Amino acid sequence: MTYPKLYVALLHWEFIYVITALNATYPITSWKFKLSCIPPKTTYSSLLPDGISNHSSNRNGHYEALVEAKLNSSNTYVSNLSPKPTFHCCFENEEDNICSVHADNTEGKTFISTVNSLVFQQIGANWNIQCWMKEDLKLFICYMESRFKNPFKNYGLEGHIFAALLQVLEESLPTSQEGNFQPVQCNCSAHECCECQVPVPAARLNDTLLMYLKIVSGGVIFQSPLMSVQPINVVKPDPPFDLLMKITDTGNLMISWSSSTLVPFQLKYQVKYSEKSTTSQRQATKTVSATSLIVKGVLPGSSYEVQVRSCRMDGPGFWSDWSSPFTFTTKDIIYFPPKILTSVGSNVSFHCIYKSENKIVPSKKIIWWMNLAEQIPPSQYNSLGDHVSKVTFLNLNATKPRGKFTYDAVYCCDEYECHHRYAELYVIDVNINISCETDGYLTKMTCRWSTNALQSLVGSSLQLRYHRSSLYCSDAPSIHPVSEPQDCHLQRDGVYECVFQPIFLLSGYTMWIHINHSLGSLDSPPTCVIPETLVKPLPPSSVKAEITVKIGLLKISWEKPVFPENKLQFQIRYGLNGKDIQWKIFEVYDAKSKSASLAVPELCAVHAVQMRCKRLDGRGYWSDWSTPVYTVVMDIRGLQSVFPTRGPDFWRITPEDTNNKERNVTLLWKPLMKSDSLCSVRQYVIKHHTFHNRTWSEDVGNHTKSTFLWTEPAHTITVLAVNSIGASLANSNLTFSRSMSKVNTVQSLSAYPLNSSCVVLSWMLSPSDYNLMYFIVEWKMLSEDSELKWLRIPPSVKKYYIHDQFIPIEKYQFNLYPVFVEGVGNPKIIYSFTQDDIETHQNDAGLYVIVAIIISSSVLLLGTLLIARQRMKKLFWEDVPNPKNCSWAQGLNFQKRTDIL
């Protein structure tokens, strides 16, 4: 028991070194390799029992037993330790797994090491090692696993890796004693394996990494020979991800996947897949450079399982791990393509393979239906082989949405039934009208287009694309392979607007709308425009409008816009100013004109005028209408009467007290009509003439009311209307006379209400020697402080209809004044409607109702008699036979008269 204890104690204190020769390094490749160190003049076969091969799978177990046996043997191993025995280390990889050990070999496969441990002198060291660079290109990883169980497993396992990056390998390589190697702690487990991670800067991936391993277990230190590697040559990508399988439009199975883009080189992929169907099974492995693989011969109801891995395409590198398995099962009916997006007028085809009751339906027995409502004619079918049927649609019309369905459903059926699955056909009208216009400053071009025809295509994105040619447009615009997108913005009215700025006026812009959808892409028919031919000029400026004073015409003047420099035509629209202007259009084709004169029927009115312009050759657009301008009403000198034809009609209001010699008299008059005032009245002038021949004039401006003090026995008033030309000549006079105010010539006055809007006044006069000029009638409602209203009535009239709003239950006051040349006579006043007349009108109304009832009854009675006559005639002749149906009446003319006498 003494020797084993002593041996263990020595192992705790004694370190075993393996020092690498400085004249060679082992280049690490993209393969798993083995590191084996054995005593000189020894082979693996000499260390193994008889019958065990060097490459046998059972070598590990026997080797472990051998190590245990040597450790448990006599103590002569301890006493006979050589101070520095020589060991030979060999690297062998999966490509070349035979390593011959020769002490004098300096070609790089055999390395010389020394060790002073009895066990390593007898047995040696054996490790499986694999080193690679992670896909993120940040960590270099080495994984080591002992090929045989460590005899010192009860004492733990520690590992380090010492690494140094060199740009160029020198003839004299650095060693650990020189201190250029940086140690990295490895993560070792109880299962005799270690993982070491060495950070590598991204900028030094092409440099040479020198390293050696240092492993400590049970007090024994093992140092590997020196190894070298370029990190970029041992990159191990991550497994591909996002595997997807789908049926293509041609009926094949497409396997696709995604791969990381972190590696700085192209990858190749290895795909292994298996297929299981009711009729066959197959497996295959293929290597491709793209991220997809097409598998042909797909049948309904088949199941597929696939895995993918990747590796560097050109140059050394590791294969990634296999991706997770992905499975896919095809349906009992396969449509290819399952969905079609196309444009109006195109031709498309669908294919299908139909499996019913675990049997594939022959293609000749397949029938096609549209929306399960209409069988497609067999002339549109084709059989492609025994199982594939094809249907073709020619010159398609746009799909009409049916509720939430915006496509037509195409069904593939056998002779007896249709499967519930269907293909979808989207037919879109892509005839999108693109209209463009160039602004009046010739600096930008704005194009607009609407998407009304594409509203049913949900999930689509639209983009205007264009190609600019150096000069003008071709006769037949076509979609150019080289094009540019243009940003467009959706406006509130649902129209897209795109602005080109700057622009080339003479270049041809070929543009179209590119429609991108998950089902495919479409392009609208291209159109070509030249900005110079699409100018929308600025409106004419400095527009003025006036009615000429001398000749009475509407004169408009303007200035043409600066751009474009082409000859322009103009449009003038004019009309009477108001809420709804009735415009009239006048064309001006003389590009040099700057004014125009128009005859208008209404000279004494405000006219609104606007103008716009366009190129004289018809190209481009009309400009916007200019800001409206308005004429000013003026008096026209060129007419025969240059001043108002007559003064206004006027009346007066006097206080009730007639005994007072001084009264305040208020004059009232109504504004003159345009026919009398000739467009305008600037002011009114009141002329006073008294009993003592005193005269004066009073300017009251545009007012229609004036008050003066009446103090004379007689006072004559004349009101004149004055415009910019002069004063009116035909004017009315009104004389206020105290003596005439007592003259009674109106014997009676009656007021008869016809309805709520009309009252008839009638009166009788007594003979008089005064000269009667006219009558003035006044009326007002008595129950309220209402406004006094008045009218002038000709002298020959004895009955007059007053049109106003009258309330029958209210009382009204009516005053009738006779106006003489000598003055105003005494009025006749009544305070209500004539009662007899009201009753008469009520009786007349009743009579009218009775007459209407009698007439209606007569019409109803006449209609009843006519209907009764027709029914009696029918009943009377119903049983009388038709003589034409009798044999004796054949050949007789019943319309010919025959007299039997």
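Note that the structure is predicted; figures quoted are calculated from it, not measured. (Residues numbered from 1 in each chain as written. Predicted model: local features only at pLDDT ≥ 70, side-chain atom pairs only at ≥ 80, totals over all residues. Heavy atoms only, no water.)

Visitor: I keep staring at the overall build of the protein and nothing clicks. Help me out?
Guide: Scanning the protein from N- to C-terminus turns up seven helices and 61 strands. The buried share of the protein, reckoned over its 901 residues, is 42%. Sequence-distant contacts in the protein: of pairs separated by 6 or more residues, those separated by 24 or more amount to 66%. As presented, the protein carries roughly 51,000 Å² of accessible surface, and 52% of it is formed by carbon and sulfur atoms. (Helix = DSSP H or I, 4+ residues; strand = E, 2+ residues; numbered from the N terminus. Buried < 20%, exposed > 50% of the residue type's maximum accessible area, 1.4 Å probe, protein only. Contact = heavy atoms within 4.5 Å. Areas by Shrake-Rupley, 256 points an atom, 1.4 Å probe, with all protein chains shown as cover.)

Visitor: Would you mind going over the environment of F326 with me for this structure?
Guide: The topology assignment puts F326 in strand β21 (residues 326–329). With sequence-adjacent residues up to four places away left out, F326 is seen in contact with L243, L244, M245, Y304, E305 and V306.

Visitor: Just checking my understanding: could you explain the packing of aromatic side chains for this structure?
Guide: Each aromatic ring pair is specified by the distance between its two centres and by the angle formed by the two planes. Within the structure shown, the criterion is met by 24 aromatic pairs. A centroid spacing of 6.5 Å and a plane angle of 40° characterise the contact between Y812 and F814, whose relative ring orientation is tilted. On the basis of an interplanar angle of 45° and a centroid distance of 5.9 Å, the ring pair of Y812 and F833 is categorised as tilted. Taken together, the residues Y812 in strand β60 (residues 812–820) and F833 in the loop between β61 (828–830) and α7 (835–877) connect sequence positions 21 residues apart. Note on Y812: relative accessible area 4%, which makes it buried. Since its relative accessible area comes to 7%, F833 is described here as buried. Here the aromatic cluster, defined as three or more aromatic residues joined through ring pairs, consists of F405, Y407, Y411, Y422 and Y426. Over the aromatic face of W710 sits the side chain of R738, whose NZ or CZ is 5.0 Å from the ring centroid. Between the NZ or CZ atom of R792 and the centre of the ring of Y774, over which it lies, the distance is 4.0 Å. (Phe/Tyr/Trp six-rings, centres within 6.5 Å; stacked < 30°, edge-to-face > 60°. Lys NZ or Arg CZ within 6 Å of the ring centre and 35° of its normal.)

Visitor: Please explain the nonpolar core as it appears in this structure.
Guide: Taken as a class, soluble globular proteins show a tendency for nonpolar side chains to be buried jointly. Judged by nonpolar contacts, the single largest core of 62 residues is most densely connected at F140, I161, M211 and W257. The dominant element in this core, judged by the number of residues it contributes, is strand β5 (residues 125–134), at five residues. In this view, F140 contacts C131, W132, M133, C196, Q197, V198, V200, L209, M211, V229 and V234; residues no more than four positions away in its chain are not counted. (Core = buried A, V, L, I, M, F, W, Y, C linked by side-chain atoms within 4.5 Å.)

Visitor: Can you help me understand the sheet that holds strand β46 (residues 607–615) in this one?
Guide: As a general point, the strands of a sheet are linked pairwise by backbone hydrogen bonds and lie either parallel or antiparallel. Reading across from one edge, β44-β43-β46-β47 is the order of the four strands in this open sheet, with antiparallel pairing throughout. Only two strands of the sheet have a single partner each, and these edge strands are β44 (584–588) and β47 (629–630). Bridge analysis of β46 against β47 gives two bridges, and the strand direction is antiparallel. Along β47, the bridge assignment pairs A608 with Y630. (Pairing = 2+ DSSP bridges.)

Visitor: Please clarify how the pairing of strand β50 (residues 683–690) should be interpreted in this entry.
Guide: Side chains on a regular strand alternate between the two faces of the sheet. Of the pairings in the sheet, the one linking β50 to strand β53 (residues 714–722) comprises eight bridges and is antiparallel in character. Looking at the pairing, Q683 lines up with V722 of β53. Alignment of β50 against strand β51 (residues 695–701), held across six bridges, turns out to be antiparallel. Within β51, the residue paired with V685 across the bridge is D699.

Visitor: Before we go on, may I ask you to explain the sheet that holds strand β37 (residues 495–500) in this structure?
Guide: Taken together, four strands build an open sheet; the order of strands is β32-β33-β37-β36 and the sheet is antiparallel. The strands lining the two open edges of the sheet, one partner per strand, are β32 (434–438) and β36 (488–490). Between one strand axis and the next, the sheet turns through 25° on average, direction left out of account. Bridge count between strand β33 (residues 445–450) and β37: six bridges; the pairing is antiparallel. Bridging from a neighbouring strand, C447 pairs with C498 of β37. (Axes fitted to C-alpha atoms, helices over the stretch in contact; angles between N-to-C directions.)

Visitor: What is the right way to read the state of the cysteines from this model?
Guide: Enumeration according to the criterion identifies eight disulfides in this entry. Note on cysteine connectivity: C413 is disulfide-linked to C418, with sulfurs 1.8 Å apart. Handedness here is read from the sign of the S-S torsion; for C413 and C418, about 100°, the answer is right-handed. Relative accessible area serves as the criterion here: at 33%, C418 is assigned to the partly exposed category. Of all cysteine sulfurs, the one in C194 lies closest to C193, which takes part in no disulfide; the gap is 6.7 Å. By relative accessible area, which is 13% here, C193 ends up buried. (Disulfide = S-S within 2.5 Å.)

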